[in-house]
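Here's the letter readout for the chains.
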Amino acid sequence: MLSGTTLWELINARAEATPDALLAVDEEMRTITFGEYAVEAERAAAGLAACGVTEGTVVTWQLPTWIESLVLVAALSRLGAVQNPILPIYREREVGFCSRQAGSKLIVVPSVWKGFDFEAMATDIARDNGSCQVLVADRALPQGDPDTLAPLPDPVSTDEQPVRWIFYTSGTTANPKGVRHGDRAVAACAHRMNLRFDATPEDRNGLVFPV
């Protein structure tokens, strides 16, 4: 397995090592390779940067398991943003609380998915949050020129890992509880799972949980 201190380092390393290897296939049989993934992520990162997303910006996103959702994760990592992913089953109470407490500046949602108007919900939440904005991403993300992106920040030591993720519980009996992670914490979980699964390049995994 590859090593790196950030998710973006791992994405770049994988794209360089196996650019033509298959990363994902969606329910419509669209595919994306690791090389294409890195390219699309940088284009989306440039588009998001033009929308005001920079290092440390908290971005709440609530998307189905689309290829574009995977690209968004990588794009936000390239920018050094703080990601607050929320399951698509949650509604205004949970999404509103999480985005307010996390200090989100941008909420990324589909317009309507499975009969629910996510855009209307996010717009109401953003209005209550003041400076928060809404980005509707129906299998498409903002695009820009990667050459306009700011240089990558200098590597940090393992003891100085910045917060890059805020994951919330559902808040079944109370308000949701947020847990802050750096990239290395998430990578450690993935690393151990791959070891336990004894995963190989030939394996194919069905993604049955929301991304």
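For the structure, check the block above.
Described in the following lines is the structure provided in the data block.

Conventions we followed
Residues numbered from 1 in each chain as written. Predicted model: local features only at pLDDT ≥ 70, side-chain atom pairs only at ≥ 80, totals over all residues. Heavy atoms only, no water. 1 Å grid on protein atoms, 1.4 Å probe; cavity = no way out; pocket = protein on both sides within 12 Å on 5 of 7 lines; lining within 4 Å. Points joined across faces, edges and corners; volume = space filled by probe spheres on them. Helix = DSSP H or I, 4+ residues; strand = E, 2+ residues; numbered from the N terminus. Nonpolar A, V, L, I, M, F, W, Y, C, P; charged D, E, K, R; others polar. Expected span 1.5 Å × (residues − 1). Salt bridge = Lys/Arg side-chain N within 4 Å of Asp/Glu carboxyl O. Buried < 20%, exposed > 50% of the residue type's maximum accessible area, 1.4 Å probe, protein only.

Side note on the layout of surface pockets
Right, so step 1: By volume, the second largest pocket amounts to about 350 Å³.
Right, so step 2: What lines the second largest pocket is a set of 19 residues, among which Thr6, Glu9, Pro153, Asp154 and Arg164 lie closest to the centre.
Right, so step 3: Counting residues per element, the ones that place at least two in the lining of the second largest pocket are helix H1 (7-17) and helix H3 (67-79).
Right, so step 4: Per-class residue counts for the lining of the second largest pocket are seven nonpolar, six polar and six charged.

Here we look at empty space enclosed by the protein
It is the rolling of a water-molecule-sized probe over the atoms that shows where space remains empty.
Right, so step 1: All told, the structure shown has one cavity of 30 Å³ or more when counted by the stated rule.
Right, so step 2: In this structure, the largest cavity encloses a volume near 30 Å³.
Right, so step 3: Looking at the lining of the largest cavity, its residues break down into two nonpolar, two polar and two charged.

Quick notes on helix H2 (residues 34-50)
A turn of α-helix holds 3.6 residues, and therefore any two residues three or four places apart point the same way.
Right, so step 1: If you check H2, its first and last C-alpha atoms are 25 Å apart, about what 17 residues at 1.5 Å a residue would give, namely 24 Å.
Right, so step 2: With its phi angle positive at about 105 degrees, Gly52 sits one or two positions after the end of H2.

Digging into the pattern of salt bridges
Right, so step 1: Evaluation of the coordinates by the stated rule reveals 10 salt bridges.
Right, so step 2: With a shortest N-O distance of 2.7 Å, Arg30 and Asp26 are connected by a salt bridge.
Right, so step 3: Here Arg30 falls in the partly exposed class, since its relative accessible area comes to 28%.
Right, so step 4: Residue Asp26 is classed as buried on the basis of its relative accessible area of 8%.
Right, so step 5: One salt bridge in this structure joins Glu68 and Arg30, with 2.8 Å as the shortest N-O distance. One end of the pair, Glu68, is in helix H3; the other, Arg30, is in the loop between strand S1 (22-25) and strand S2 (31-33), and 38 residues separate them in sequence.
Right, so step 6: Bridged by salt links that share partners, the residues Asp26, Glu27, Glu28, Arg30, Glu68 and Arg139 form one connected network.

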